[in-house]
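Fold and contact review
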Amino acid sequence: FAAPVATRAAGMDDMRYYVGTWTCQAGEPGKPPSRATATYTLDGGVLRQWVAVPVQTGMKRAYYLNAATTYDAKKGMYVQANMDSDNNWSIDYAKPWSGNTEQWADHLSSAKPGHSTVTRTNQGSFSFMGYSSLTSMTPSFKGTCTRS
């Protein structure tokens, strides 16, 4: 028995912010950032994300990331499944937030679990930072995206 679409979509209103195409720059702090395009759709209570990083200086091949996010109303949290073209994967959780900052943490991962933050600067831009462990306070990856 499948839940009605309205029930499945509950909790996803905040994620409508991302729908559309974004131009991003990201990478390791202190190194030149890579250019990327991120595209988001929201259908049936699932936010889908596609990130494409074309070959650039220092890269041997393009990089791709897919993610799907939904809201688990029973547990009161967002759940995200990630897979990339480097054979990495993770299942991440985020509690609902107030304000403009999302706090995500890996629950399961093909690598060492880490955490990340996403800060919505305004309707047309957001920034993000990734950390290499669940307790790290120094970002190992950061970037910004602007609505295309």
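What comes next is a walk through the structure. (Residues numbered from 1 in each chain as written. Predicted model: local features only at pLDDT ≥ 70, side-chain atom pairs only at ≥ 80, totals over all residues. Heavy atoms only, no water.)

1. Looking at the overall build of the protein
- Within the protein, the regular secondary structure consists of 1 helix and 10 strands.
- Going from the N terminus to the C terminus, the protein shows its helices and strands as α-β-β-β-β-β-β-β-β-β-β.
- Along the first, second and third principal axes, the C-alpha atoms of the protein reach 50 × 35 × 30 Å.
- A buried classification covers 33% of the 148 residues belonging to the protein.
- Of the contacts formed within the protein by residues at least 6 apart in sequence, a portion of 28% connects residues at least 24 apart.
- Per element, the accessible surface of the protein, about 8,800 Å² overall, is 58% carbon and sulfur.
- Across the protein, the centroid of the 14 positively charged side chains sits 2 Å from that of the 10 negatively charged ones. (Helix = DSSP H or I, 4+ residues; strand = E, 2+ residues; numbered from the N terminus. Buried < 20%, exposed > 50% of the residue type's maximum accessible area, 1.4 Å probe, protein only. Contact = heavy atoms within 4.5 Å. Areas by Shrake-Rupley, 256 points an atom, 1.4 Å probe, with all protein chains shown as cover. Lys, Arg positive; Asp, Glu negative; His and termini not counted. Charge placed at Lys NZ, Arg CZ, Asp CG, Glu CD.)

2. Comments concerning unusual backbone geometry
- Here the phi dihedral of Asn 87 falls at roughly 65 degrees; this positive angle occurs in a residue that is not glycine.
- Since its relative accessible area comes to 68%, Asn 87 is described here as exposed.

3. A short note on the sheet that holds strand 9 (residues 125-131)
- If you walk around this closed barrel you meet the 10 strands as 1-2-3-4-5-6-7-8-9-10, and the pairing is antiparallel. If you compare each strand with its neighbour and ignore which way they point, the axes differ by 25 degrees on average.
- Judged from the 6 bridges that link them, strand 5 (residues 77-84) and strand 6 (residues 89-94) form a sheet pairing that is antiparallel. By the bridge assignment, Gln 80 is partnered in strand 6 with Asp 92. (Pairing = 2+ DSSP bridges. Axes fitted to C-alpha atoms, helices over the stretch in contact; angles between N-to-C directions.)

4. Let's talk about the side chain of Arg 120
- Note that Arg 120 resides in strand 8 (residues 115-122).
- Overall, the relative accessible area of 13% leaves Arg 120 in the buried class.
- Polar side-chain contacts of Arg 120 include one of 3.0 Å to the backbone oxygen of Asp 14. (Polar contact = N/O pair within 3.5 Å; in protein donor to acceptor, adjacent residues only side chain to side chain.)

5. Points about the state of the cysteines
- Taken as a whole, this structure holds 1 disulfide when the rule is applied.
- One disulfide in the model links Cys 24 with Cys 145; its S-S distance is 2.0 Å. An S-S torsion of about 110 degrees defines the bridge between Cys 24 and Cys 145 as right-handed. In this pair, Cys 24 is assigned in strand 1 (residues 20-27) and Cys 145 in strand 10 (residues 141-147), connecting sequence segments 121 residues apart. For the residue pair Cys 24 and Cys 145, the accessibility class agrees, reading buried in each case. (Disulfide = S-S within 2.5 Å.)

6. A word on the packing of aromatic side chains
- The tally for this structure, following the rule as stated, stands at 11 aromatic pairs.
- Relative to Phe 128, the ring of Phe 126 has its centre 6.3 Å away and its plane inclined at 45 degrees; by these criteria the two rings are tilted.
- Here a set of aromatic residues connected by ring pairs shows up, and it is made of Tyr 17, Tyr 18, Trp 22, Tyr 40, Phe 126, Phe 128 and Phe 141. (Phe/Tyr/Trp six-rings, centres within 6.5 Å; stacked < 30°, edge-to-face > 60°.)

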